[in-house]
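Chain by chain, the residues run as shown.
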Amino acid sequence: MADLRNNFVGIKSPNPFWLASAPPTDKAYNVERAFKAGWGGVVWKTLGSEGPPVVNVNGPRYGAIWGADRRLLGLNNIELITDRPLQVNLQEMKQVKMNWPDRALIASIMVPCVEEEWKAILPLVEETGADGIELNFGCPHGMSERGMGAAVGQVPEYIEMVVRWCKQYTRMPVITKLTPNITDIRKPARAAKAGGTDAVSLINTINSIVSVDLDSFAPSPTVDGKGTHGGYCGPAVKPIALNMVAEIARDPETYGLPISGIGGVTTWRDAAEFLALGAGNVQVCTAAMTYGFKIVQEMISGLSDWMDEKGHRTLDDITGRAVPNVTDWQYLNLNYVAKAHIDQDACIKCGRCHIACEDTSHQAITHLVNGVRHFEVKEEECVGCNLCVNVCPVENCITMVPLAAGALDQRTGRTVDPTYANWTTHPNNPVAQRQAAE
Amino acid sequence: MGRLAPGITSGRLSAADYDANFSDLHPPLDKHEALVASDRCYFCHDAPCMTACPTSIDIPLFIRQISTSNPLGAARTIFDQNILGGMCARVCPTETLCEQACVRNTAEERPVEIGRLQRYATDTAMERGVQFYKRAASTGKKVAVVGAGPAGLAAAHRLAMHGHDVVIFEAREKSGGLNEYGIATYKSTGDFAQDEVNYILSIGGIEVRHGQKLGRDFTLAHLEGQYDAIFLGIGLAGVNGLGVEGEDLAGVEDAVEFIAGLRQARDKASVAVGRSVVVLGGGMTAIDAAVQAKLLGAEEVTIAYRRGKENMNASEFEQDLAASKGVTIRHWLQPKRVLGEGGKATAIELEYTALTANGLAGTGETVTIRADQVLKAIGQTFRVEGLGALEMKGGRIAIDAEGRTSHPKVWAGGDCVKLGEDLTVTSVAQGRDAAESINRALAGAARSAA
Ligand SMILES: Cc1cc2nc3c(=O)[nH]c(=O)nc-3n(C[C@H](O)[C@H](O)[C@H](O)COP(=O)(O)OP(=O)(O)OC[C@H]3O[C@@H](n4cnc5c(N)ncnc54)[C@H](O)[C@@H]3O)c2cc1C
Ligand SMILES: Cc1cc2nc3c(=O)[nH]c(=O)nc-3n(C[C@H](O)[C@H](O)[C@H](O)COP(=O)(O)O)c2cc1C
Ligand code: SF4
């Protein structure tokens, strides 16, 4: 049996599946249920300063997009941080941590960018017995209008400053949660590292309008005729999150900085992908909000079974394994040639590969052969782009088959060169030519 | 008297049983079900389902329109090709047409529910009374359509759309043809056939004259003088006889007549049915008659067909339906004579058959089955007077690919011609195409006259 125990910057949990700071972790009732269901840890719903709590809208706060059969693909929200008094949250956190000593309990915090504010709240949190803190520099709506959340996360100098205060005023490990609403995710990660953070977690939600009500002409969710941009999350954001995690994992300046991967994790497979790209564990919000806490059972058994099958014993065997294989476009091997291949036994003859290639790509798939409906790749036209694979409704019906070195590429009329050669040395690259001439 | 009363009698069941038995075979999809079902369509390129549909409805497009909550757009896509799309959605043997061609059969042996989705879209438009077509400016041309069945209605609608003035001559008291008098009750429930006729006619420019029978009340020659073009959609008026002893006994009936009576009865409890019914034939009519006899409360219903299962015209689905309703299907049996008592049928003697070098032949061995009602469903024939010298082919009116007959002013389509299967949808396609051909001819005539 694979060992799923997780040690993230010294915080121990029985598995790498944490619930992200969000409604599922808003109060003891939910968190107790989550731990009973098997979650390894929770990041408590973000705490604010002492005093009157924030208020939420009293109308709808979520919007969504759906795929086939109304499967939820993307969720958007305009919720703020916890709207319950700080003391209530702190008492509940303390009680829950006492009840579940083996689980990770992290406090998410967002207070104004003033040293005194951070200095004031940190001891209160520490007193609960929480295992660590997460700095919410990500919330993209509402709080950011008040100079917090993403408004801090978008200014690396502020990040560094706040992280430094936290490292100064608490002994608890500090996880800095980053906003994706920024052009280059490496900048805030580097700033957090410079401030002394123990880890980063990402992504928080993405600025978004999920839909417009075409009767009222207002964005949804609509509150009394008006809408605002909200934070986008769920399966749809996973690709963006994976890339951002990988960017930080392979940046020489932040290489080795522990990462808690967040964004669209819905199955064990998603989690494994985050781990492979450098995450030490993952956090989940939307999947739990869609299906309830029980999904963690699938995640645990799926990850464990896959690890057993592949012979990975611990999470360390996986974390970061794909990082060396993430590179820049310019270093991709241009001598590698692959062609699409259609398994005729699996083909159901829907013709989507043909029309996609015919209308929008390289006219490389037949439609009729000798007057009969038949879909086959014309190797002399196929550029190996993979579009047909992606539009085919049957898994593994179309596959990309690499040409062996020395084989003839019927499209170019050239034999496949066994050597690796990339754009940096390509004759069509003006920069490469200039360098060669010098 | 109840369920087991001997002879042919009505009221075998309770009111609740009749209601249940004659409700929709495939109930309509609600919006949620339609969305789920439409999600399964792959939006195939050059979709095989579309090729398989005799009216070539753009199926992937209309299903996509349903999936984007645009059922009216979907209905328009359907009606553009098939103005009887509502009836076809109910009666088409989709298992041998569009749904058989669906690539999902290859993928997971379960096609997209094209028929039910088509019904969802067309029902939506018809229930809301949305009309998609307006008449073009009047051409001043007059076209006579004989027969108000699917072929005639499809032709009339298309002709009216092109601005021609249409008069339909219909022998019966109601329009709709077999939609009204023949289709199984559980396929087209309520008064859908008449609702559809009204929906089609509301385009305007179509006058229907009921009780007008070609060959009795007028001839083709009469019409020729008064109309610029004529379309014949008169179906198959005749029924094949058995030609065996006892055929004239009370209780021996045409299956088509039996079904027509049932279709016209407001209260199914008033329809008489035998306790033991034998249906002769192997097509859709035989299945429909047998199933409905069973649903009316007959204790035992047997279909006797003179060839094997694989030769039956009724689809596998229809045969299974009959079996599931408790109908027994027996093969390789042909009628020898009907036995009776006091002028009423009591049993039928059937002879076993086999394929010989000279084709199908009786073996001499017989079996006798109890039967107080014998329904003949051994084929309909084309029978009509007053056609003059119109050229025939295979016992029906000869036409070319666009529906032109040997007479330059006369077109024909539907069951009365020998082209394609005898189906509602085929008749619609032929009526529509003939109307287009007529329109081209009339436009050409107008041009050369100018
Ligand atoms: C019992 C039964 C069940 C069937 N079930 C199905 C089914 O489930 N699905 C399917 O697709 N098909 C089915 N069919 C076949 C389908 O009903 C026919 O193919 C279709 O109705 C033919 O259309 P039509 O317009 O050519 O003829 P018809 O529907 O027969 O209409 C002909 C019209 O012309 C009129 N007419 C006839 N002679 C004259 C005349 N001399 N003068 C004036 N008017 C005349 C008739 O009264 C009738 O209104 C079934 C047929 C039968 C008999
Ligand atoms: C309704 C809602 C409220 C959220 N509130 C917070 C919050 O208070 N603090 C925080 O750090 N992140 C918050 N998030 C962001 C999530 O923690 C998480 O980063 C994001 O949803 C991406 O993960 P997912 O794709 O698994 O949902 C919230 C998300 C949602 C949907
Ligand atoms: S064949 Fe089936 S799946 Fe393909 S477009 Fe037609 S209905 Fe859809």
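Residues numbered from 1 in each chain as written. Chains lettered and ligands numbered in written order. Predicted model: local features only at pLDDT ≥ 70, side-chain atom pairs only at ≥ 80, totals over all residues. Heavy atoms only, no water.

S.K.: Could you clarify how one ought to interpret the overall build of chain A in this entry?
M.R.: Scanning chain A for helices and strands turns up 13 helices and 22 strands. When its C-alpha atoms are laid out on the principal axes, chain A stretches across 75 × 60 × 50 Å. Residues counted as buried form 50% of the 438 residues belonging to chain A. Partitioning the intrachain contacts of chain A with sequence separation of at least 6 by distance along the chain shows that 70% fall at a separation of at least 24. Accessible area of chain A: about 20500 Å², with a carbon and sulfur share of 52%. Charge separation in chain A, taken as the distance between the mean sites of 39 positive and 48 negative side-chain charges, equals 2 Å. (Helix = DSSP H or I, 4+ residues; strand = E, 2+ residues; numbered from the N terminus. Buried < 20%, exposed > 50% of the residue type's maximum accessible area, 1.4 Å probe, protein only. Contact = heavy atoms within 4.5 Å. Areas by Shrake-Rupley, 256 points an atom, 1.4 Å probe, with all protein chains shown as cover. Lys, Arg positive; Asp, Glu negative; His and termini not counted. Charge placed at Lys NZ, Arg CZ, Asp CG, Glu CD.)

S.K.: Just to check I follow, could you spell out the overall build of chain B for this structure?
M.R.: Tallying secondary structure elements over chain B gives 17 helices and 17 strands in all. Over its C-alpha trace chain B gives a radius of gyration of 23 Å, about what one expects of a compact globule, namely 22 Å for 450 residues. When its C-alpha atoms are laid out on the principal axes, chain B stretches across 70 × 55 × 50 Å. Scored against the burial criterion, the 450 residues of chain B give a buried share of 52%. By sequence separation, contacts in chain B at least 24 residues apart represent 70% of the contacts at least 6 residues apart. (Rg over C-alpha atoms; globule rule 2.2 N^0.38 Å.)

S.K.: How should the pairing of strand β9 (residues 174–177) of chain A be read in this particular structure?
M.R.: Within a regular strand, side chains alternate between the sheet's two faces. Residue and element names in this part refer to chain A. Burial of the side chains of β9 extends over both faces: Val 174 and Thr 176 are buried on one face and Ile 175 and Lys 177 on the other. Alignment of strand β8 (residues 132–136) against β9, held across 4 bridges, turns out to be parallel. Each residue of the ladder has a partner; that of Ile 133, found in β9, is Val 174. The sheet contact formed by β9 and strand β10 (residues 199–202) spans 3 bridges and is parallel. If you follow Thr 176 over to β10, its bridge partner there is Val 200. In terms of handedness, the path from β9 via helix α6 (residues 186–194) over to β10 forms a crossover that is right-handed. (Pairing = 2+ DSSP bridges. Right-handed = clockwise from strand over helix to strand, strands pointing away.)

S.K.: Explanation requested: the environment of Ala189(A) in the structure shown.
M.R.: Residue and element names in this part refer to chain A. Relative to the helices and strands, Ala 189 resides in helix α6. On the basis of relative accessibility, which here comes to 0%, the residue Ala 189 falls in the buried class. Here the alpha-carbon distance between Ala 189 and Ala 64, two residues 125 residues apart in the chain, equals 29 Å. When residues no more than four places from it in sequence are discounted, the contact partners of Ala 189 are Leu 178, Ile 248, Thr 254 and Leu 257.

S.K.: What is the right way to read unusual backbone geometry from this model?
M.R.: Both trends apply: most residues other than glycine have a negative phi, and most peptide bonds are in trans. Residue and element names in this part refer to chain A. The omega torsion of the bond from Leu 202 to Ile 203 falls at 15 degrees, within 30 degrees of zero and hence cis. Note that Ile 203 resides in the loop between β10 and β11 (206–208). For the peptide bond that leads from Ser 220 to Pro 221, omega is 0 degrees, which places it in the cis range. One can find Pro 221 in the loop between β13 (218–220) and β14 (230–233). Even without glycine at this site, Asn 396 takes up a positive phi of about 60 degrees. Residue placement: Asn 396 occurs in the loop between α12 (387–391) and β20 (398–402). Asn 396 gets classed as exposed once you look at its relative accessible area, which sits at 65%.

S.K.: What exactly am I supposed to notice about the domain arrangement of chain B here?
M.R.: Often, the extent of an interface is quoted as the loss of accessible area on bringing the components together. All names here are of chain B. The assigned domain composition of chain B is domain 1 (31–127), domain 2 (142–236 + 382–449) and domain 3 (239–379). Each of domain 2 and domain 3 was reduced to a C-alpha centroid, and the two centroids are 31 Å apart. Tallying the contact residues gives 15 residues for domain 2 and 16 residues for domain 3. Both faces considered, domain 2 and domain 3 share a buried interface measuring about 1200 Å² in area, 41% of it formed by carbon and sulfur atoms. (Domains from an automatic or database assignment. Buried area = accessible area lost by both parts, 1.4 Å probe.)

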